[in-house]
Amino acid sequence: MKKLSVIALVAVGLLATSCNKEKSADTAATATEKTVAEGKGEVLPVDVATSVVNWKAFHKGGFAPRWGTTNVKSGELNIEGGQLSAGSFVIDMASIKVDPASVTEKDKKPADLETHLKSADFFDVAKNPTSDFKITSVVDLKDAPKDAIAGANKTVSGNLTLSGKTVNVTFPAKVDVTDNSASIQAKFTVNRSDWGIKFGTSEADPAEWMISKDIEIAVDVKAKK
């Protein structure tokens, strides 16, 4: 019986590793904080009514995912020569919502997870009520990775601030610019421990260890005149 348990444990570990490798293929490249792009050209205010940042988190191996939304509080995109040149947006962390459809266990409640995510274990919203993203560069993307969002045409880099810490992230994005509007859409994965969000990252507690470090972020930011 003991031998069977060990084999089962190894199998679960291998499955978790395999799923994590597949799931993290879209992981954003990270670096230290960089100089923010100069805001040249026309300034378009972000439409907070139609902009959103979606998130998705996992247990180890991609099991029991949780997902939801956060609201964009403010922002602007700079357009120069018909191209996105700079921009930033602010995320209201108090607006974190958990989609009830992602919580299927009878003994779990979406509201409880929302409260936990806002606590000092994760984003510590009382001390850090907002997060923000500030573009540092935008360059053409010729060959989009297979895990990039459909229609990806640019590589965007920017300083992402979470829980008071700033890390530069780089990811493929779909950027559309018209005479009256601009938008950025992207989906990428980050390791939350890079921002010092380390709840559940220790293997000392098996229950906590089952929480993945990965957070999938989906940006949908729209700006218009």
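Refer to the structure above for everything that follows.
Predicted model, so just to flag it, every value in this text is computed and none were measured.

Chemist: Please clarify how the nonpolar core should be interpreted in this entry.
Modeler: Burial of nonpolar side chains together is a common tendency in soluble globular proteins. Among the nonpolar cores identified, the biggest contains 42 residues, and Phe 123 and Phe 171 are the most heavily contacted of them. When residues of this core are traced back to their parent elements, those giving at least two are β3 (52-59), β4 (66-80), β5 (83-98), β6 (130-140), β7 (154-162), β8 (165-177), β9 (181-191) and β10 (211-224). A per-element tally of this core places β5 first, with six residues. The residues contacting Phe 123, other than those within four sequence positions of it, are Met 93, Ile 96, Leu 117, Lys 118, Asn 128, Ser 163, Ile 197 and Ile 215.

Chemist: Looking at this structure, I do not really get the packing of aromatic side chains. What am I missing?
Modeler: Ring pairs (aromatic) are described by centroid distance and by the angle formed between their planes. Enumeration according to the criterion identifies three aromatic pairs in this entry. Centre to centre, the rings of Phe 133 and Phe 171 are 5.8 Å apart; their planes meet at 45 degrees, and the pair counts as tilted. Of this pair, Phe 133 sits in strand β6 while Phe 171 sits in strand β8; the two residues are 38 residues apart in sequence, bridging distant segments of the chain. Taking relative accessible area as the criterion, Phe 171 reaches 4% and is therefore assigned buried. Where Phe 171 meets Phe 188, the ring centres are 4.2 Å apart and the plane angle is 10 degrees; that geometry is what we call stacked. A residue pair is termed long-range when its members are at least 10 positions apart, and Phe 171 in strand β8 and Phe 188 in strand β9 qualify at 17 residues. Each member of the pair, Phe 171 as well as Phe 188, is classed as buried. Cluster of aromatic residues (ring-pair linked, three or more members): Phe 89, Phe 133, Phe 171 and Phe 188.

Chemist: So what exactly am I meant to see when it comes to the side chain of Thr 161 here?
Modeler: Following the sequence through the fold, Thr 161 ends up in strand β7. Separated by 2.6 Å, the side chains of Thr 161 and Thr 166 make a polar contact. If we skip the residues at most four places from it in the chain, Thr 161 touches Ser 131, Asp 132 and Thr 166.

Chemist: Explain the environment of Ala 111 to me, please; I cannot follow it from the model alone.
Modeler: Mapping Ala 111 onto the fold places it in helix α2 (residues 110-118). Placed twelve residues apart in sequence, Ala 111 and Asp 99 show a C-alpha to C-alpha distance of 9.6 Å.

Chemist: Can you help me understand unusual backbone geometry in this one?
Modeler: The bulk of non-glycine residues show a negative phi, and the bulk of peptide bonds are trans. The backbone phi angle of Asp 124 is positive, close to 45 degrees, even though this residue is not glycine. Tracing the chain through its elements places Asp 124 in the loop between α2 and β6. Given the relative accessible area of 17%, Asp 124 is considered buried. Of note in the backbone geometry, Ser 163 takes a positive phi value of approximately 50 degrees without being a glycine. When you line up the elements, Ser 163 lands in the loop between β7 and β8.

Chemist: Just checking my understanding: could you explain the pattern of salt bridges for this structure?
Modeler: It is possible for side chains of opposite charge to pair when their charged atoms get near one another. Taken as a whole, this structure holds six salt bridges when the rule is applied. The salt bridge partner of Lys 222 is Asp 220, with a shortest N-O separation of 2.8 Å. Given the relative accessible area of 30%, Lys 222 is considered partly exposed. Judged by its relative accessible area of 18%, Asp 220 falls in the buried class.

Chemist: Would you mind going over the environment of Leu 84 with me for this structure?
Modeler: Relative to the elements of secondary structure, Leu 84 occurs in strand β5. On the accessibility criterion, Leu 84 (7% relative accessible area) is buried. Along the chain, Leu 84 and Asp 176 lie 92 residues apart, while their C-alpha atoms are 8.4 Å from each other. Residues in contact with Leu 84, not counting those within four places in the same chain, are Leu 77, Asn 78, Ile 79, Ile 135, Val 138, Val 175, Val 177 and Ile 184.

About the cut-offs
Position numbers for residues start from 1 in each chain and track the written sequence from start to end. Totals for whole chains, interfaces and linings use all residues, but because this is a predicted model, local features are given only for residues with pLDDT of at least 70 and pairs of side-chain atoms are given and counted only at 80 or more. Excluding hydrogens and water, the side-chain figures rest on all heavy atoms present in the structure. For this analysis, a nonpolar core means a set of buried residues of the types Ala, Val, Leu, Ile, Met, Phe, Trp, Tyr and Cys, connected via side-chain atoms within 4.5 Å. The rule is simple: take the accessible area with a 1.4 Å probe, protein chains only, and divide by the maximum for that residue type; under 20% is buried, over 50% is exposed, in between is partly exposed. Only runs of H or I of at least four residues qualify as helices and only runs of E of at least two qualify as strands under DSSP, and these elements are numbered from the N terminus. Residues are treated as being in contact if the distance between any of their heavy atoms lies within 4.5 Å. Ring geometry is summarised as follows: Phe, Tyr and Trp rings, the Trp one being its six-membered ring, pair when their centres sit within 6.5 Å, and such pairs are stacked at plane angles under 30 degrees, edge-to-face over 60 and tilted between the two. Each polar contact in these results corresponds to two N or O atoms within 3.5 Å; when the atoms are within protein, one needs to be able to donate a hydrogen and the other to accept it, and residues that are neighboring in sequence are counted only if both atoms are side-chain atoms. Salt bridges are identified by distance alone: a Lys or Arg side-chain nitrogen within 4 Å of an Asp or Glu carboxyl oxygen.

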